[in-house]
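Take a look at the letters that make up each chain.
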Amino acid sequence: MSNHEVLSALDRARVNYGNDQCITVFEHAYQKSRQEAVALLNDQALKFPSLFILLPKIDAYNLYPSLNTRNATACNVVKRILRPEEFYDDNLFVSAHESLHPILKWMLQTGGEADGLNDDYERVMDFIASMLLVVYHDKSMLPAVLDLIAKRYKQAHYYHNLVWAYFQVHDPYVLELVAERLLSPEQEDVELACYLLNLDYPRPPVDKQQLYDNFHQWLEENTPYLYFTGESMQFSSRPVFC
């Protein structure tokens, strides 16, 4: 988060004091007036994690009809993913194709920092990443998805679906982004990059620059001949992605 970034009131409470405080701030606002609570939710600066943790309160207070389009659509996306048996609009991801794109980007761009909140939240992030990369072919989201993969790897959380979506882009750019992690000061980043690039992790001491240069030279020489295999971590413990 940038030091100059302006946070909404709900995000300030969540980031500085935790999720429970965010809920408390919202409840106090609702007790003062329904309009004040709705205004907090519809703040354009609001980030997706705050909206997500307040979903039970939005349902309990029947605030859904008062949400702006962005928040209402995001709530629908979450419900469609987590409670499909209660959500009957099967055309959500078809009829709202173009208008949905920027909302999914907002959910991923502002929601990535809270990944790991709980299993449901990670399921939502997995689905959004897959939609953006596989359906919308939005390559601008590749760095954000790779950040999520790295975060999950370090936390020993499930990241198989994110890796699948990442390599579904079928573009050498995905390899270039991963290769940059070979230069990371964090060992886990280098380990992950080696795994995703199908490289053997070298014995210490690791010459990261040489590791990167060797791969980059290989990539330049072989880019015209690359093809993506469709293999995934569900397919093999050591998949060859391309």
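Everything numeric here is computed off the predicted structure, so don't read it as measured data. (Residues numbered from 1 in each chain as written. Predicted model: local features only at pLDDT ≥ 70, side-chain atom pairs only at ≥ 80, totals over all residues. Heavy atoms only, no water.)

Here we come to the overall build of the protein chain. Summing up its helical and strand segments, the protein chain has 14 helices and zero strands in all. Across its three principal directions, the C-alpha atoms of the protein chain cover 65 × 40 × 30 Å. Here the protein chain holds 242 residues, and the buried ones make up 45% of them. Taking as baseline every contact in the protein chain between residues at least 6 positions apart, the subset at least 24 positions apart corresponds to 64%. About 12500 Å² of surface is accessible on the protein chain, with carbon and sulfur atoms providing 50% of the total. The positive charge centre, built from 20 side chains, and the negative charge centre, built from 33, are 6 Å apart in the protein chain. (Helix = DSSP H or I, 4+ residues; strand = E, 2+ residues; numbered from the N terminus. Buried < 20%, exposed > 50% of the residue type's maximum accessible area, 1.4 Å probe, protein only. Contact = heavy atoms within 4.5 Å. Areas by Shrake-Rupley, 256 points an atom, 1.4 Å probe, with all protein chains shown as cover. Lys, Arg positive; Asp, Glu negative; His and termini not counted. Charge placed at Lys NZ, Arg CZ, Asp CG, Glu CD.)

The next subject is the state of the cysteines. Formally, a disulfide is one covalent bond, and it connects the sulfur atom of one cysteine to the sulfur atom of another. Within the structure shown, the criterion is met by zero disulfides. The structure places no disulfide on cysteine 75, whose sulfur is separated from the nearest cysteine sulfur, that of cysteine 22, by 13 Å. No disulfide involves cysteine 194; its sulfur sits 14 Å from that of cysteine 242, the nearest cysteine. (Disulfide = S-S within 2.5 Å.)

Right, let's get into the packing of helix α6 (residues 69–82) against helix α9 (residues 119–135). Contact geometry of α6 with α9 gives a least axis separation of 10 Å together with a crossing angle of 105 degrees. When the axes of α6 and α9 are compared, the pair comes out roughly perpendicular. Of the residues in α9, those in contact with Val78, Ile81 and Leu82 of α6 are Asp120, Arg123, Val124 and Phe127. Looking at the contact of α6 with α9 residue by residue, the classes come out as five nonpolar, no polar and two charged. (Axes fitted to C-alpha atoms, helices over the stretch in contact; angles between N-to-C directions. Parallel < 35°, antiparallel > 145°, perpendicular 65-115°, else oblique. Nonpolar A, V, L, I, M, F, W, Y, C, P; charged D, E, K, R; others polar.)

With that settled, the discussion passes to the nonpolar core. If you look at soluble globular proteins, the nonpolar side chains tend to sit buried side by side. Membership of the largest hydrophobic core comes to 76 residues, with the highest contact counts inside it found for Phe48, Met107, Val124, Tyr166 and Leu182. Counting residues per element, this core draws most heavily on α9, at eight residues. Apart from the residues lying within four places of it in its own chain, the contact partners of leucine 182 are Val190, Ala193, Cys194, Leu197, Leu199, Lys208, Leu211, Tyr212 and Phe215. (Core = buried A, V, L, I, M, F, W, Y, C linked by side-chain atoms within 4.5 Å.)

Before going further, it helps to spend a moment on the packing of aromatic side chains. Evaluation of the coordinates by the stated rule reveals ten aromatic pairs. Relative to tryptophan 106, the ring of phenylalanine 48 lies with its centre 6.0 Å away and its plane at 80 degrees, an arrangement referred to as edge-to-face. Here tryptophan 106 lies in helix α8 (residues 97–111) and phenylalanine 48 lies in helix α4 (residues 48–53), a separation of 58 residues in the sequence. Tryptophan 106 matches phenylalanine 48 in its accessibility class, with the two residues each being buried. Ring centres of phenylalanine 52 and tyrosine 121 lie 5.0 Å apart, and the angle between their planes is 85 degrees; on these two criteria the pair is classed as edge-to-face. Of this pair, phenylalanine 52 sits in helix α4 while tyrosine 121 is found in helix α9, placing the two residues 69 residues apart along the sequence. Just as phenylalanine 52 is buried, tyrosine 121 falls in that class too. (Phe/Tyr/Trp six-rings, centres within 6.5 Å; stacked < 30°, edge-to-face > 60°.)

In this structure, the amide linkage connecting proline 204 to the following residue, proline 205, adopts the cis form with an omega of -5 degrees. Looking at the secondary structure, you find proline 205 in the loop between α13 (187–196) and α14 (208–222). Despite not being glycine, alanine 156 shows a phi value in the positive range, around 60 degrees. Mapped onto the fold, alanine 156 is located in the loop between α10 (142–155) and α11 (160–167). For alanine 156, a relative accessible area of 70% gives the class exposed. Phi angles above zero are rare outside glycine, and histidine 170 is one such case at about 55 degrees. Considering the arrangement of structural elements, one finds histidine 170 in the loop between α11 and α12 (173–180). Look at histidine 170 and you get partly exposed, because its relative accessible area is 43%.

Inspection of every chain in the model, using the stated rule, returns 15 salt bridges. Here arginine 14 ties to aspartate 11 by a salt bridge, and the two come within 3.1 Å at their closest N and O atoms. Linking arginine 14 with aspartate 11, this pair stays in helix α1 (residues 9–17), spanning three residues, or about one helical turn. Residue arginine 14 shares its accessibility class with aspartate 11, and that shared class is buried. Bridged by salt links that share partners, the residues Asp147, Lys154, Arg181, Glu186 and Asp189 form one connected network. (Salt bridge = Lys/Arg side-chain N within 4 Å of Asp/Glu carboxyl O.)

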